[in-house]
Amino acid sequence: MRAVVQNDKNRVALAMAALTAAAAVAVVSGCAGPGDEAGVRPAAGQQAHRAAAAPDDHAALVAAARRWGLDAVPLRPPAPPKYRPRITARDGFEVDGQVEDDLPPVFTTVPTRKKIVFLTIDDGSEKDPDFLRMMSELHIPYTAFLSNYLVKDDYGYFRRMQAEGHTVNNHTLTHPYMPGLTYDEQKHEICGMQDIMKRQFGKAPTVFRPPYGNYNGDTLRAAKACGIKYAPIWDEEVFVDHWEYREWDRSLHPGDIVLTHFRGRNDWDGTMVDDMRRFLNKVTRDGYAVARLEDYL
(Lines give C-alpha, C1' and ligand atoms only; values in the text may rest on other atoms or scores of the structure.)
Protein backbone atom coordinates (compact mmCIF):
# COMPACT_ATOMS: atom_id res chain seq x y z
CA MET A 1 0.00 0.00 0.00
CA ARG A 2 2.84 2.38 0.88
CA ALA A 3 4.36 1.72 -2.56
CA VAL A 4 1.09 2.60 -4.30
CA VAL A 5 0.75 5.88 -2.36
CA GLN A 6 4.36 6.75 -3.09
CA ASN A 7 3.84 6.09 -6.82
CA ASP A 8 0.77 8.36 -6.82
CA LYS A 9 2.79 11.12 -5.17
CA ASN A 10 5.51 10.72 -7.77
CA ARG A 11 2.99 11.01 -10.63
CA VAL A 12 1.48 14.19 -9.12
CA ALA A 13 4.92 15.73 -8.71
CA LEU A 14 5.82 14.94 -12.31
CA ALA A 15 2.55 16.45 -13.57
CA MET A 16 3.12 19.64 -11.58
CA ALA A 17 6.66 19.93 -12.92
CA ALA A 18 5.37 19.56 -16.49
CA LEU A 19 2.78 22.27 -15.97
CA THR A 20 5.40 24.61 -14.50
CA ALA A 21 7.70 24.02 -17.45
CA ALA A 22 4.88 24.66 -19.92
CA ALA A 23 4.02 27.92 -18.18
CA ALA A 24 7.65 29.02 -18.32
CA VAL A 25 7.79 28.27 -22.05
CA ALA A 26 4.61 30.29 -22.58
CA VAL A 27 6.10 33.34 -20.81
CA VAL A 28 9.38 33.12 -22.72
CA SER A 29 7.49 32.71 -26.01
CA GLY A 30 5.48 35.91 -25.43
CA CYS A 31 2.13 34.12 -25.26
CA ALA A 32 0.68 36.40 -22.62
CA GLY A 33 -1.81 37.84 -25.09
CA PRO A 34 -2.30 39.20 -28.61
CA GLY A 35 -0.14 42.23 -29.32
CA ASP A 36 1.74 42.15 -25.99
CA GLU A 37 5.09 41.29 -27.51
CA ALA A 38 4.92 44.31 -29.81
CA GLY A 39 3.94 46.62 -26.96
CA VAL A 40 1.43 48.42 -29.19
CA ARG A 41 -1.82 49.75 -27.74
CA PRO A 42 -4.88 50.37 -29.89
CA ALA A 43 -6.06 53.91 -30.49
CA ALA A 44 -8.66 55.22 -28.09
CA GLY A 45 -12.09 53.81 -28.86
CA GLN A 46 -10.76 50.99 -31.03
CA GLN A 47 -10.74 47.30 -30.22
CA ALA A 48 -7.41 45.54 -29.67
CA HIS A 49 -6.12 43.85 -32.80
CA ARG A 50 -6.65 40.10 -33.02
CA ALA A 51 -4.60 38.32 -35.63
CA ALA A 52 -7.26 35.68 -36.25
CA ALA A 53 -9.81 38.36 -37.13
CA ALA A 54 -7.52 40.36 -39.43
CA PRO A 55 -8.43 38.52 -42.67
CA ASP A 56 -12.14 38.99 -41.98
CA ASP A 57 -11.60 42.69 -41.18
CA HIS A 58 -9.71 43.20 -44.41
CA ALA A 59 -12.34 41.31 -46.37
CA ALA A 60 -15.02 43.55 -44.84
CA LEU A 61 -13.07 46.67 -45.85
CA VAL A 62 -12.60 45.34 -49.38
CA ALA A 63 -16.33 44.68 -49.61
CA ALA A 64 -17.15 48.14 -48.20
CA ALA A 65 -14.78 49.86 -50.64
CA ARG A 66 -16.45 48.02 -53.52
CA ARG A 67 -19.94 48.77 -52.19
CA TRP A 68 -19.24 52.51 -51.98
CA GLY A 69 -17.58 52.64 -55.40
CA LEU A 70 -13.99 53.37 -54.30
CA ASP A 71 -11.01 52.66 -56.51
CA ALA A 72 -9.13 50.96 -53.66
CA VAL A 73 -9.36 50.21 -49.94
CA PRO A 74 -8.42 53.35 -47.94
CA LEU A 75 -5.06 53.13 -46.19
CA ARG A 76 -5.04 52.62 -42.43
CA PRO A 77 -3.53 55.47 -40.36
CA PRO A 78 -0.64 54.82 -37.97
CA ALA A 79 -1.22 54.69 -34.23
CA PRO A 80 -1.61 58.11 -32.60
CA PRO A 81 1.71 59.64 -31.53
CA LYS A 82 2.93 59.01 -28.00
CA TYR A 83 3.92 62.67 -27.77
CA ARG A 84 1.64 65.11 -29.54
CA PRO A 85 3.28 67.75 -31.73
CA ARG A 86 3.54 71.35 -30.62
CA ILE A 87 0.95 73.38 -32.52
CA THR A 88 1.75 77.00 -33.31
CA ALA A 89 0.16 79.62 -35.55
CA ARG A 90 1.10 79.31 -39.20
CA ASP A 91 3.56 81.98 -40.33
CA GLY A 92 1.61 85.00 -41.51
CA PHE A 93 -1.57 83.84 -39.76
CA GLU A 94 -0.70 85.34 -36.37
CA VAL A 95 -2.47 88.33 -34.80
CA ASP A 96 -1.03 91.03 -32.54
CA GLY A 97 -0.47 89.52 -29.12
CA GLN A 98 -0.53 85.95 -30.47
CA VAL A 99 2.34 84.73 -28.28
CA GLU A 100 2.16 87.25 -25.45
CA ASP A 101 -1.55 86.56 -24.81
CA ASP A 102 -1.26 82.82 -25.55
CA LEU A 103 -4.05 82.97 -28.11
CA PRO A 104 -5.40 79.88 -29.90
CA PRO A 105 -3.20 79.22 -32.95
CA VAL A 106 -4.63 79.31 -36.46
CA PHE A 107 -3.00 76.57 -38.55
CA THR A 108 -3.57 74.63 -41.75
CA THR A 109 -1.24 71.66 -41.24
CA VAL A 110 -0.23 69.55 -38.25
CA PRO A 111 3.54 69.01 -37.85
CA THR A 112 4.22 65.38 -38.79
CA ARG A 113 6.31 63.39 -41.26
CA LYS A 114 3.69 60.67 -41.55
CA LYS A 115 1.68 60.47 -44.77
CA ILE A 116 -1.62 61.36 -43.15
CA VAL A 117 -4.26 64.02 -43.71
CA PHE A 118 -7.16 65.13 -41.53
CA LEU A 119 -10.75 65.35 -42.80
CA THR A 120 -12.87 68.17 -41.39
CA ILE A 121 -16.49 68.88 -42.33
CA ASP A 122 -18.21 72.21 -41.74
CA ASP A 123 -21.59 73.66 -40.80
CA GLY A 124 -24.13 70.77 -40.68
CA SER A 125 -26.65 71.66 -43.39
CA GLU A 126 -26.97 68.20 -45.01
CA LYS A 127 -27.77 65.21 -42.80
CA ASP A 128 -27.21 62.26 -45.11
CA PRO A 129 -27.63 58.84 -43.41
CA ASP A 130 -25.70 57.18 -46.25
CA PHE A 131 -22.69 59.31 -45.34
CA LEU A 132 -22.78 57.99 -41.76
CA ARG A 133 -22.97 54.40 -43.00
CA MET A 134 -20.19 54.87 -45.54
CA MET A 135 -17.72 56.35 -43.08
CA SER A 136 -18.61 53.80 -40.41
CA GLU A 137 -18.15 50.82 -42.74
CA LEU A 138 -14.84 52.20 -44.05
CA HIS A 139 -13.61 53.26 -40.56
CA ILE A 140 -12.71 56.78 -41.73
CA PRO A 141 -12.26 59.35 -38.92
CA TYR A 142 -13.38 62.94 -39.34
CA THR A 143 -14.05 66.09 -37.34
CA ALA A 144 -17.27 68.11 -37.64
CA PHE A 145 -17.45 71.86 -37.06
CA LEU A 146 -21.08 72.75 -36.35
CA SER A 147 -23.13 75.95 -36.63
CA ASN A 148 -26.23 75.88 -34.48
CA TYR A 149 -28.67 77.45 -36.95
CA LEU A 150 -28.03 74.51 -39.32
CA VAL A 151 -27.92 71.61 -36.84
CA LYS A 152 -30.64 72.53 -34.34
CA ASP A 153 -33.32 70.72 -36.35
CA ASP A 154 -31.58 67.37 -35.80
CA TYR A 155 -28.96 67.24 -33.03
CA GLY A 156 -29.52 63.49 -32.97
CA TYR A 157 -27.81 63.06 -36.35
CA PHE A 158 -24.61 64.54 -34.96
CA ARG A 159 -24.91 62.62 -31.70
CA ARG A 160 -24.88 59.44 -33.80
CA MET A 161 -21.58 60.40 -35.42
CA GLN A 162 -20.22 61.41 -32.01
CA ALA A 163 -21.17 57.97 -30.64
CA GLU A 164 -19.02 56.39 -33.36
CA GLY A 165 -15.94 58.28 -32.16
CA HIS A 166 -16.03 61.37 -34.37
CA THR A 167 -15.53 64.75 -32.73
CA VAL A 168 -17.98 67.65 -32.95
CA ASN A 169 -16.52 71.14 -32.58
CA ASN A 170 -17.56 74.80 -32.56
CA HIS A 171 -18.34 76.75 -35.74
CA THR A 172 -20.43 79.55 -34.11
CA LEU A 173 -24.15 80.02 -33.64
CA THR A 174 -25.02 81.68 -36.96
CA HIS A 175 -21.88 81.47 -39.17
CA PRO A 176 -21.20 85.24 -39.46
CA TYR A 177 -18.20 87.07 -40.88
CA MET A 178 -16.40 87.38 -37.54
CA PRO A 179 -14.11 90.40 -38.20
CA GLY A 180 -17.24 92.43 -38.94
CA LEU A 181 -18.48 91.95 -35.36
CA THR A 182 -17.46 93.60 -32.10
CA TYR A 183 -15.56 91.60 -29.48
CA ASP A 184 -18.75 91.08 -27.44
CA GLU A 185 -20.68 89.93 -30.51
CA GLN A 186 -17.95 87.48 -31.42
CA LYS A 187 -17.83 86.17 -27.87
CA HIS A 188 -21.60 85.62 -27.95
CA GLU A 189 -21.28 83.62 -31.19
CA ILE A 190 -18.55 81.37 -29.78
CA CYS A 191 -19.55 81.05 -26.12
CA GLY A 192 -23.21 80.66 -27.05
CA MET A 193 -22.31 77.70 -29.24
CA GLN A 194 -20.13 76.30 -26.45
CA ASP A 195 -23.16 76.29 -24.14
CA ILE A 196 -25.35 74.55 -26.72
CA MET A 197 -22.70 71.91 -27.46
CA LYS A 198 -22.28 71.17 -23.77
CA ARG A 199 -26.05 70.64 -23.44
CA GLN A 200 -26.49 68.64 -26.63
CA PHE A 201 -23.22 66.68 -26.83
CA GLY A 202 -22.06 66.45 -23.23
CA LYS A 203 -19.03 68.75 -23.33
CA ALA A 204 -17.84 72.08 -24.61
CA PRO A 205 -15.11 71.59 -27.22
CA THR A 206 -11.64 73.15 -27.15
CA VAL A 207 -11.42 73.40 -30.95
CA PHE A 208 -13.08 76.16 -33.00
CA ARG A 209 -13.08 77.06 -36.69
CA PRO A 210 -13.97 80.64 -37.64
CA PRO A 211 -16.55 80.79 -40.44
CA TYR A 212 -15.01 81.21 -43.90
CA GLY A 213 -11.59 81.00 -42.19
CA ASN A 214 -11.87 84.74 -41.38
CA TYR A 215 -10.78 86.07 -37.99
CA ASN A 216 -9.01 88.92 -36.19
CA GLY A 217 -7.45 89.44 -32.79
CA ASP A 218 -10.86 89.83 -31.13
CA THR A 219 -11.93 86.47 -32.60
CA LEU A 220 -9.05 84.63 -30.98
CA ARG A 221 -9.36 86.52 -27.68
CA ALA A 222 -13.08 85.74 -27.55
CA ALA A 223 -12.36 82.10 -28.43
CA LYS A 224 -9.82 81.83 -25.61
CA ALA A 225 -12.31 83.38 -23.16
CA CYS A 226 -14.80 80.67 -24.19
CA GLY A 227 -12.34 77.83 -23.49
CA ILE A 228 -10.95 77.33 -27.01
CA LYS A 229 -7.33 76.16 -27.39
CA TYR A 230 -7.02 75.59 -31.16
CA ALA A 231 -8.42 77.30 -34.28
CA PRO A 232 -7.55 75.10 -37.28
CA ILE A 233 -8.59 76.15 -40.74
CA TRP A 234 -7.48 74.15 -43.84
CA ASP A 235 -4.90 73.62 -46.56
CA GLU A 236 -7.16 71.96 -49.18
CA GLU A 237 -10.89 71.91 -49.83
CA VAL A 238 -12.71 69.10 -51.60
CA PHE A 239 -16.00 69.51 -53.44
CA VAL A 240 -18.12 66.89 -55.12
CA ASP A 241 -16.58 67.74 -58.53
CA HIS A 242 -13.14 69.28 -57.82
CA TRP A 243 -10.40 70.14 -55.31
CA GLU A 244 -9.06 73.57 -54.32
CA TYR A 245 -5.58 74.18 -52.87
CA ARG A 246 -3.98 76.83 -50.69
CA GLU A 247 -0.40 76.02 -51.76
CA TRP A 248 1.16 76.76 -55.14
CA ASP A 249 2.11 73.09 -55.76
CA ARG A 250 -1.54 71.94 -55.64
CA SER A 251 -0.60 68.80 -53.72
CA LEU A 252 -1.31 67.08 -50.44
CA HIS A 253 1.37 67.29 -47.74
CA PRO A 254 1.89 65.26 -44.52
CA GLY A 255 -0.41 66.59 -41.82
CA ASP A 256 -2.63 68.70 -44.10
CA ILE A 257 -6.13 69.59 -42.91
CA VAL A 258 -8.74 69.07 -45.62
CA LEU A 259 -12.08 70.89 -45.57
CA THR A 260 -15.41 69.86 -47.00
CA HIS A 261 -19.02 70.68 -46.09
CA PHE A 262 -22.23 68.91 -45.13
CA ARG A 263 -23.86 69.42 -48.53
CA GLY A 264 -26.12 67.48 -50.89
CA ARG A 265 -27.93 67.82 -54.19
CA ASN A 266 -29.59 71.07 -53.14
CA ASP A 267 -26.16 72.73 -53.28
CA TRP A 268 -23.95 70.37 -55.29
CA ASP A 269 -24.24 68.19 -58.35
CA GLY A 270 -23.97 65.13 -56.13
CA THR A 271 -24.22 63.77 -52.60
CA MET A 272 -21.93 63.60 -49.61
CA VAL A 273 -21.15 60.03 -50.62
CA ASP A 274 -19.99 61.33 -54.02
CA ASP A 275 -17.88 63.95 -52.24
CA MET A 276 -16.27 61.37 -49.97
CA ARG A 277 -15.61 59.07 -52.91
CA ARG A 278 -13.63 61.85 -54.63
CA PHE A 279 -11.78 62.62 -51.38
CA LEU A 280 -10.88 59.02 -50.52
CA ASN A 281 -9.87 58.05 -54.05
CA LYS A 282 -7.37 60.93 -54.23
CA VAL A 283 -5.79 60.57 -50.81
CA THR A 284 -5.45 56.81 -51.24
CA ARG A 285 -4.01 57.17 -54.74
CA ASP A 286 -1.46 59.67 -53.37
CA GLY A 287 -0.44 57.27 -50.60
CA TYR A 288 -2.12 59.05 -47.67
CA ALA A 289 -4.22 57.70 -44.81
CA VAL A 290 -6.90 59.68 -42.97
CA ALA A 291 -6.12 60.20 -39.28
CA ARG A 292 -8.11 61.69 -36.40
CA LEU A 293 -7.25 65.36 -35.86
CA GLU A 294 -7.82 65.33 -32.09
CA ASP A 295 -5.22 62.56 -31.67
CA TYR A 296 -2.59 65.14 -32.68
CA LEU A 297 -3.79 68.13 -30.66
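Our structure's up above, just so we're on the same page.
Below is a short write-up of the structure. (Residues numbered from 1 in each chain as written. Predicted model: local features only at pLDDT ≥ 70, side-chain atom pairs only at ≥ 80, totals over all residues. Heavy atoms only, no water.)

### Things to note about the pattern of salt bridges
Cut-off, in case you're wondering: By salt bridge we mean one thing: a side-chain nitrogen of Lys or Arg within 4 Å of a carboxyl oxygen of Asp or Glu. Under the DSSP-based scheme used, a helix requires at least four consecutive residues in state H or I and a strand at least two consecutive residues in state E, with every element numbered from the N terminus. Working definition: with a 1.4 Å probe on protein chains only, accessible area under 20% of the residue-type maximum means buried, over 50% means exposed, and in between means partly exposed.
A full pass over the atoms with the stated rule returns 11 salt bridges. Ionic pairing is found between Glu137 and Arg67, a salt bridge with its closest N-O pair at 2.8 Å. Here Glu137, found in helix H3 (residues 129-138), pairs with Arg67, found in helix H2 (residues 54-67); they are 70 residues apart in sequence, far enough to count as distant. For Glu137, a relative accessible area of 29% translates into the label partly exposed.

### Let's talk about the side chain of Arg209
This is how the line gets drawn: Side-chain atoms alone can form a polar contact between residues adjacent in sequence; in general such a contact is a pair of N or O atoms within 3.5 Å, and within protein one must be able to donate a hydrogen while the other accepts it. Here, two residues are considered to be in contact whenever any of their heavy atoms come within 4.5 Å of each other.
Along the polypeptide, Arg209 turns up in the loop between helix H6 (183-201) and helix H7 (217-225). Exposure remark for Arg209: the relative accessible area of 0% places this residue in the buried category. Within polar-contact distance, the side chain of Arg209 engages the side chain of Thr120 at 3.0 Å. Beyond its immediate stretch of four places on either side in the chain, Arg209 contacts Thr120, Asp122, Phe145, Asn170, His171, Pro232, Ile233, Trp234, Ile257 and Leu259.

### Considerations on the state of the cysteines
Basically, it comes down to this: In plain terms, two cysteine sulfur atoms within 2.5 Å form what is called a disulfide here.
Taken as a whole and assessed by the stated rule, the structure comprises one disulfide. With its sulfur 1.8 Å from that of its partner, Cys191 forms a disulfide with Cys226. The S-S bond linking Cys191 to Cys226 shows a torsion near -100°; that makes this disulfide left-handed. Here the residue Cys191 occupies a position in helix H6, and Cys226 occupies one in the loop between H7 and strand S5 (231-232), the gap between them amounting to 35 residues. Each of the two residues, Cys191 as well as Cys226, counts as buried.

### Here we look at the packing of aromatic side chains
This is how the line gets drawn: The aromatic pairing rule takes the rings of Phe, Tyr and Trp, using the six-membered ring of Trp, and pairs them if the centres are within 6.5 Å, calling planes under 30 degrees apart stacked, those over 60 edge-to-face and the rest tilted. In this scheme, Lys NZ or Arg CZ marks a charge over a ring once it lies within 6 Å of the ring centre and within 35 degrees of the ring normal.
Taken as a whole, this structure holds 10 aromatic pairs when the rule is applied. Between the aromatic rings of Phe239 and Trp268, the centroid separation amounts to 6.2 Å while the plane-to-plane angle is 65°, which identifies the pairing as edge-to-face. A residue pair is termed long-range when its members are at least 10 positions apart, and Phe239 in the loop between strand S6 (236-238) and strand S7 (243-245) and Trp268 in the loop between strand S8 (256-261) and helix H8 (272-285) qualify at 29 residues. For Phe239, a relative accessible area of 17% puts it in the buried group. For Trp268, a relative accessible area of 14% corresponds to the buried category. Consider the rings of Trp243 and Phe279, whose centres lie 6.1 Å apart with planes at 20°: the pair is stacked. Here Trp243 is found in strand S7, whereas its partner Phe279 is found in helix H8, with 36 residues between them in sequence. In terms of burial, Trp243 and Phe279 fall into one category: buried. Among the aromatic residues, ring-to-ring pairing joins Phe131, Tyr142, Tyr157, Phe158 and Phe262 into one connected group. A cation sits over an aromatic face here: Lys115 above Tyr288, 4.6 Å from the ring centre. When the ring centre of Phe145 is taken as origin, the NZ or CZ atom of Arg209, which lies over that ring, is 4.4 Å away.

### Considering helix H5 (residues 155-163)
Listed as buried for H5 are Tyr155, Gly156, Tyr157, Phe158 and Met161. Turning to H5, the residues buried within the fold contact H3, strand S3 (143-146), helix H4 (148-151), strand S4 (167-170) and H6. Note on H5: the residue one or two positions beyond its end, Gly165, has a positive phi of about 100°.

### Thoughts on the pairing of S8
Put simply, the rule reads: One bridge is not enough; two strands pair if DSSP finds at least two bridges between them.
Burial within S8 is extensive, with six of its six residues counted as buried. Burial along S8 is two-sided: the residues Asp256, Val258 and Thr260 and Ile257, Leu259 and His261 are all buried. Sheet analysis places strand S2 (residues 116-123) next to S8, joined by six bridges and oriented parallel. Residue pairing in the sheet places Leu119 in a bridge with Val258 of S8. Sheet analysis places S6 next to S8, joined by two bridges and oriented parallel. Note that in S8 the partner of Glu237 across the bridge is Leu259.

### Brief notes about H3
Heads up, the rule is: It is the directions from the helix axis to the C-beta atoms that the arc portrays.
Here H3 has its buried residues at Phe131, Leu132, Met134, Met135 and Leu138. Along the long axis of H3, the arc covered by the buried residues comes to 165°, so they all point the same way. If you check the start of H3, you find a side-chain oxygen 2.9 Å away from the backbone N of Asp130, and it comes from Asp128. Remark: His139 follows H3 within two positions and exhibits a positive phi of approximately 60°.

### A closer look at the packing of H5 against H6
We apply this condition: Every axis in this analysis is a line fitted to C-alpha atoms, fitted for helices over the stretch in contact. Angles between the N-to-C directions lie between 0 and 180 degrees. To sort the angles, those under 35 degrees are grouped as roughly parallel, those over 145 as roughly antiparallel, those from 65 to 115 as roughly perpendicular, and the leftovers as oblique. Here the term charged refers only to Asp, Glu, Lys and Arg, the term nonpolar to Ala, Val, Leu, Ile, Met, Phe, Trp, Tyr, Cys and Pro, and the term polar to all other amino acids, Gly among them.
Remark: H5 packs on H6, axes separated minimally by 11 Å, with the N-to-C direction vectors making an angle of 70°. Our classification of the angle between H5 and H6 gives roughly perpendicular. On H6, the residues touching Tyr155, Phe158, Arg159 and Gln162 of H5 are Ile196, Gln200 and Phe201. Its residues placed into classes, the contact of H5 with H6 shows four nonpolar, two polar and one charged.

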